[in-house]
Structures are given as structure tokens and as C-alpha cells.
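Here's the letter readout for the chains.
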Amino acid sequence: MKNSTGVYLIGALGSIATTVAAGVLALRRGLIDTTGMITPTSLFEGVDLVDTAELVLGGCDIRRRPPSRGGSPVLEDVIGISPRILEAIKRELAQYRAGIDPGIASNCGEAIEALGGGGSRRKATLRSEIKTIRNRIRKFRESSELGTVVVVNLASTEPPLELEDCHHSLDMLEEILDGNRSEKVRASTLYSYAAIEEGCPYINFTPSNGALFPAMMELAACRQAPVMGDDGKTGETLVKSALAPLFTYRNLEVMSWMGFNILGNMDGQVLDNPGNMESKIRTKDRVLSKILGYSPHSKVKIDYVPSLGDQKTAWDFIHFRGFLDAKMSMQFIWQGFDSILAAPLVLDMVRLAELAKRRGEAGLMPHLASFFKAPIGVKMHSLPEQFRMLTDYAQYVRNGRSN
Ligand SMILES: NC(=O)c1ccc[n+]([C@@H]2O[C@H](COP(=O)([O-])OP(=O)(O)OC[C@H]3O[C@@H](n4cnc5c(N)ncnc54)[C@H](O)[C@@H]3O)[C@@H](O)[C@H]2O)c1
């Protein structure tokens, strides 16, 4: 009998993780279809992917389990899921949330440490923290008799890590860990190191750059672990990467592209801290110049508006120049539930990461570029080009070839 696939979510009590769990449980009960996911479409016909409804979920979080209200889990951040569906899955969702391991918050910055009540500050050595995470992943695998366990980072965005020589060489990274140099790594580093050491496929859905840097890619190649990141592309940047090529196709010069985002969930609360915000701006900002081949005047702003909850609104203003020097503009407003947009991407990537592992692929999964704002190691940033990389991959697999 084929073993089930496990998904170990870092940030397992957060909004996206909860929506992922709700999605799997609702699919299992036949309450929803797979709208929002790309892997169940005809593009992947003939590609042997694990059944989304059969995924086994676990994970860790630095927050304590939120209290139950009248027996149902408190889903204060997740809006957009219909009460009918939540009612039907509330028992299993509560079980999922009750089984979550404690997380670690080493060198994550004040905004994140405050979420864990400040009590999760690092007391152990880096090596022993890695060992603890590895043991938890292993226990999850063994207790549910799982085959592959895909680890997905859905934790709050950390402040950027300044990358140095020790992040470019695995030997030097090992020295940093042996020397307990905690200022050179973040919690995301310890999680990804532990997951990769366990041979698990690893996805960094966050903008935290402490998770996947060149030394970690070296480790992934050694441990036969497929990996990919950074920062899921779900909203404003998704639209940007679809729209920007249009200006190139018509040789229209983009002079300015201003983006203003407001959101109210806990992600927004953490991003309200300038250090954490910096990571997000870095991944959002790169896209435009990479697609256009030049850098227009551009700013991305993100403001926290508590009353909005999970509903994100982005207003983008594009000022462009055409024939005879005429100046014109375009504006769009994007409104969406952040986690409802993100969760199906996570499920698609889990299925594709499991497939990559089964096929013996190791290191970066460039065919997942279209899912990320800043896809590591990929030069293409235009959505149509990235999407072709995904469909080409499906074609290779269908034809029984390696990528
Ligand atoms: N559309 C989107 O929502 C979207 C798109 C791209 C990227 N992201 C990124 O995905 C991540 C998750 O988003 P979210 O809306 O679910 O956020 P969230 O704030 O609802 O959830 C984050 C969870 O991570 C936990 N956490 C923080 N640090 C941790 C650590 N070191 N170890 C274990 N758990 C930790 C928190 O307690 C919280 O439960 C964020 O980094 C966000 O920037 C979100």
C-alpha cells in the first residue's frame, strides 16, 4: 500500500495554514471543488500527483493554540470561508489545531517574538534546536506512517538577514551552526536546514530570506531535497507580473508604477514593523524592473488597517508614455481574501514537490516560478513565461522525461 503524504506547516495556526487545513478537510468531505488550484486541471492530465484530499496535515507554531469558542476553533483571521463549510469541518479542524507542535522564534525580531508571548526566546544551542525540529518532523512521519513529508514555511515574515560568505558555502554554514553563532541565522534557517537534512521537500512561501540561500541549496542537492521560494505570488504582484509585459509588447514606456496596499490580518500587523516590512518590499519591488528591463519610478507601500482582517486591497497607478510623447495612465484596484488566494497555491506546490521528490529531483524547482514573487534562480518574471515553464514541466513528466 502506498503511504500517505504529509504536510508539515511552519506557522500552522496562522491564517494561510488554517485555510489550507480547511481546504483539505472540505475537499475530503466533498464540500468544495478545486477552484483556485491549477494541478487538478487538464494541464496536468496524465501526471501522477497525490490526492489533495488525502494529505495528512501537521506543523508547529510559536503561538499557543487559540481558545475554542463553543467547541469550534476560533478563526479570527480567516474570513471568506463560508460558515456552512466551517460548521461541517469544525471537529477535524479543532483536531488539527490541537496537534500542533511548539515552534521556535530564534533571532526573528521583536514583532514575531511578541506573538509567542516572548517566552519562546532561544535558550538551546542552534544544533539542539535543529535536532528538536528534526525529531518533530520524524515523529509526525512515523506516527501517521507517512511517505514523503513536504515542509512549507507559512510563518510570519522575518526581518531580512544580511547574507555573508557563510551563507554562500555549506562548510561555512556548518561552522556557524557548530559555533552557535545565532546572530547569523534566523528561525527560518533552522527550520529549512532541519527539513532538508530529513530529505523533505521544502517550500518557502514567505519573503524571509533566511530560509533558502546558496549554502542551503548546496545542502538540498546533497540530501536529495527539492526546494523552492521565495514569497507566494497571490495578489498585487501577480497582477503586476501579468500586466507589465503588455507595456513591453506595445513598446510603451512605463514612467511610474505606484502600488498602495492595505490589509488587516496578523500578517499585516507583523509587516507594520519596519524591519519585517523591508523583507516584503524587497520581494515585491524587484518584479517590475526585471520584466521591463529598466527601472521606472516605483514605490510599493503596505499599510496595516486592522478592520480589514484578511481582506487585502491594492490600488496601483501606472503612468506611461506613448507615440508622440503622449502621457497616459492606467489604474487597477485588486481586492481579495489573502489566505483564500494563497492556500490553493500551497496545495498545488505540495503536490508538485512530492512528485519532484518521487522523481529523484533535488535542489531548486524552477518550474514553480509562477507561484512566487521572487523565484530563486529564475530570471523570468513575466507570468506568461513562468506559466510556460510549469506547463513544459507537466509535458516532460507526461512524456516520462527528466526536467
Ligand atoms: N496572500 C498571502 O496571504 C501571502 C502571500 C505571500 C506570502 N505570504 C506570507 O505567508 C506567511 C503567512 O501568512 P499568514 O497570512 O498566514 O500570516 P499569519 O500571521 O496569519 O500566520 C503566521 C503564523 O506563523 C506563526 N509564526 C511566526 N513565527 C513563527 C516561527 N518562527 N515558528 C513557527 N510559527 C511561527 C504565527 O504565530 C502565526 O500563527 C507570511 O510570511 C506572509 O507574508 C502571504
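Since the model is a prediction, treat every value here as computed from it, not as a measurement.

Q: Describe the overall build of the chain, naming the residues involved and giving the relevant values.
A: Scanning the chain from N- to C-terminus turns up 12 helices and 13 strands. Dimensions of the chain along its principal axes, counting C-alpha atoms only, are 70 × 50 × 50 Å. The buried share of the chain, reckoned over its 403 residues, is 49%. Here the analysis covers contacts within the chain between residues at least 6 apart in sequence; of these, 80% occur between residues at least 24 apart.

Q: I'd like a description of the domain arrangement of the chain, backed by residues and values.
A: By domain assignment, the chain separates into domain 1 (4–231 + 340–398) and domain 2 (236–336). Taken together, the 26 residues of domain 1 in the interface contact 27 residues of domain 2. Contributing elements (two or more residues each) for the side of domain 1 that touches domain 2: helix 3 (110–115) and helix 12 (383–398). Among the residues forming the side of domain 1 that touches domain 2, the class breakdown is 11 nonpolar, 10 polar and five charged.

Q: An account of the environment of methionine 217 is needed here, citing residue identities and associated values.
A: Of note, methionine 217 is situated in helix 7 (residues 214–222). Along the primary structure methionine 217 and arginine 97 are separated by 120 residues, whereas in three dimensions their C-alpha atoms are 31 Å apart. Not counting chain neighbours up to four residues away, the residues in contact with methionine 217 comprise Leu212, Gly363 and Leu364.

Q: Break down the site of the ligand for me, with residues and values.
A: In the vicinity of the ligand, 37 residues are found, and the nearest of them are Gly11, Gly14, Ser15, Gly103 and Met266. With four residues, helix 11 (residues 338–358) is the largest single contributor of residues to the shell around the ligand. For the shell around the ligand, the class distribution of residues is 19 nonpolar, 12 polar and six charged. Both domains that furnish three or more residues to the shell around the ligand are identified here as domain 1 (4–231 + 340–398) and domain 2 (236–336).

Q: If you had to explain the nonpolar core to someone new, which residues and values would you point to?
A: If you look at the biggest cluster of nonpolar residues, it comprises 97 residues, and the most contacted ones within it are Leu9, Val151, Val152, Leu190 and Val346. Residue contributions to this core peak at 13 residues, all from helix 11. Counting residues domain by domain, this core receives three or more from each of domain 1 (4–231 + 340–398) and domain 2 (236–336). Sequence-distant contacts of valine 346, that is, excluding residues within four places in its chain, are made with Ile16, Val20, Val152 and Phe205. Counting eight residues, the second-largest nonpolar core is a separate cluster that includes Ala244, Phe247, Trp257 and Ile291.

Q: Which residues make up the environment of tryptophan 334, and what values do they have?
A: As for its placement among the helices and strands, tryptophan 334 is situated in strand 12 (residues 327–337). Remark: the alpha-carbon pair of tryptophan 334 and valine 239, spanning 95 residues in sequence, is separated by 8.4 Å.

Q: Describe the pairing of strand 9 (residues 253–263), naming the residues involved and giving the relevant values.
A: Summarising the sheet, strand 9 and strand 11 (residues 311–321) pair through nine bridges and their orientation is antiparallel. Bridge pairing in strand 11 places isoleucine 262 opposite threonine 313. Strand direction decides the pairing type here: strand 9 and strand 10 (residues 297–304), joined by eight bridges, are parallel. Counterpart to phenylalanine 260 in the pairing with strand 10 is lysine 301.

Q: How would you sum up the pairing of strand 11? Please name residues and give values.
A: Pairing between strand 11 and strand 12: 11 bridges, direction antiparallel. For lysine 312, the partnering residue across the bridge sits in strand 12 and is glycine 336. Linking strand 11 back to strand 12 in an antiparallel pair, the connection comprises five residues, with leucine 324 at a positive phi of about 55°.

Q: A description of the sheet that holds strand 8 (residues 226–228) should follow, citing residues and the corresponding values.
A: Spatially, 5-2-1-6-7-8-13 is the arrangement adopted by the seven strands of the open sheet, whose pairing is parallel. This sheet does not close on itself; its edge strands, each paired only once, are strand 5 (101–102) and strand 13 (363–364). Pairing analysis gives two bridges linking strand 7 (residues 202–204) to strand 8, with the strands arranged parallel. Pairing of isoleucine 203 across the sheet is with methionine 228, part of strand 8.

Q: Tell me what's going on with the sheet that holds strand 9, and back it up with residues and numbers.
A: Here we have four strands laid out as an open sheet, ordered 10-9-11-12, and mixed in their pairing. Each end of this open sheet is capped by a strand with a single partner; those strands are strand 10 and strand 12. Each strand axis lies, on average, 10° off the axis of its neighbour in the sheet, ignoring direction. Its contacts with the sheet place helix 11 against strand 9, strand 11 and strand 12, and it is angled at close to 80° to strand 12.

Q: Can you tell me about the packing of helix 4 (residues 126–143) against helix 6 (residues 187–197), naming the residues and giving the values?
A: Where helix 4 contacts helix 6, the axes come no closer than 9 Å and their chain directions differ by 55°. Between helix 4 and helix 6, the angle is such that the two are oblique. Classified by chirality, the crossing of helix 6 by helix 4 is right-handed. Taking contact as the criterion, the partners of Leu126, Glu129, Ile130, Ile133, Arg134 and Ile137 in helix 4 are, on helix 6, Leu190, Tyr191, Tyr193, Ala194, Ala195 and Glu197.

Q: Break down helix 1 (residues 15–28) for me, citing the residues and quoting the values.
A: The α-helix advances 3.6 residues per turn, and as a result positions three or four apart in sequence lie on the same side. Taking 1.5 Å per residue as the helical rise, helix 1 with its 14 residues ought to reach 20 Å, and the 20 Å between its terminal C-alpha atoms agrees with that figure. In terms of burial, helix 1 is a largely internal element, 13 of the 14 residues being buried. Positive phi shows up at glycine 30, right after helix 1, with a value of about 70°.

Conventions we followed
- Residues numbered from 1 in each chain as written.
- Predicted model: local features only at pLDDT ≥ 70, side-chain atom pairs only at ≥ 80, totals over all residues.
- Helix = DSSP H or I, 4+ residues; strand = E, 2+ residues; numbered from the N terminus.
- Buried ≥ 20, exposed ≤ 12 C-beta atoms within 10 Å, placed from the backbone.
- Contact = placed C-beta atoms within 7 Å.
- Domains from an automatic or database assignment.
- Nonpolar A, V, L, I, M, F, W, Y, C, P; charged D, E, K, R; others polar.
- Near = placed C-beta within 6 Å.
- Core = buried A, V, L, I, M, F, W, Y, C linked by C-beta atoms within 7 Å.
- Pairing = 2+ DSSP bridges.
- Axes fitted to C-alpha atoms, helices over the stretch in contact; angles between N-to-C directions.
- Parallel < 35°, antiparallel > 145°, perpendicular 65-115°, else oblique.
- Left-handed = near helix turned anticlockwise from the far one by under 90°.
- Expected span 1.5 Å × (residues − 1).

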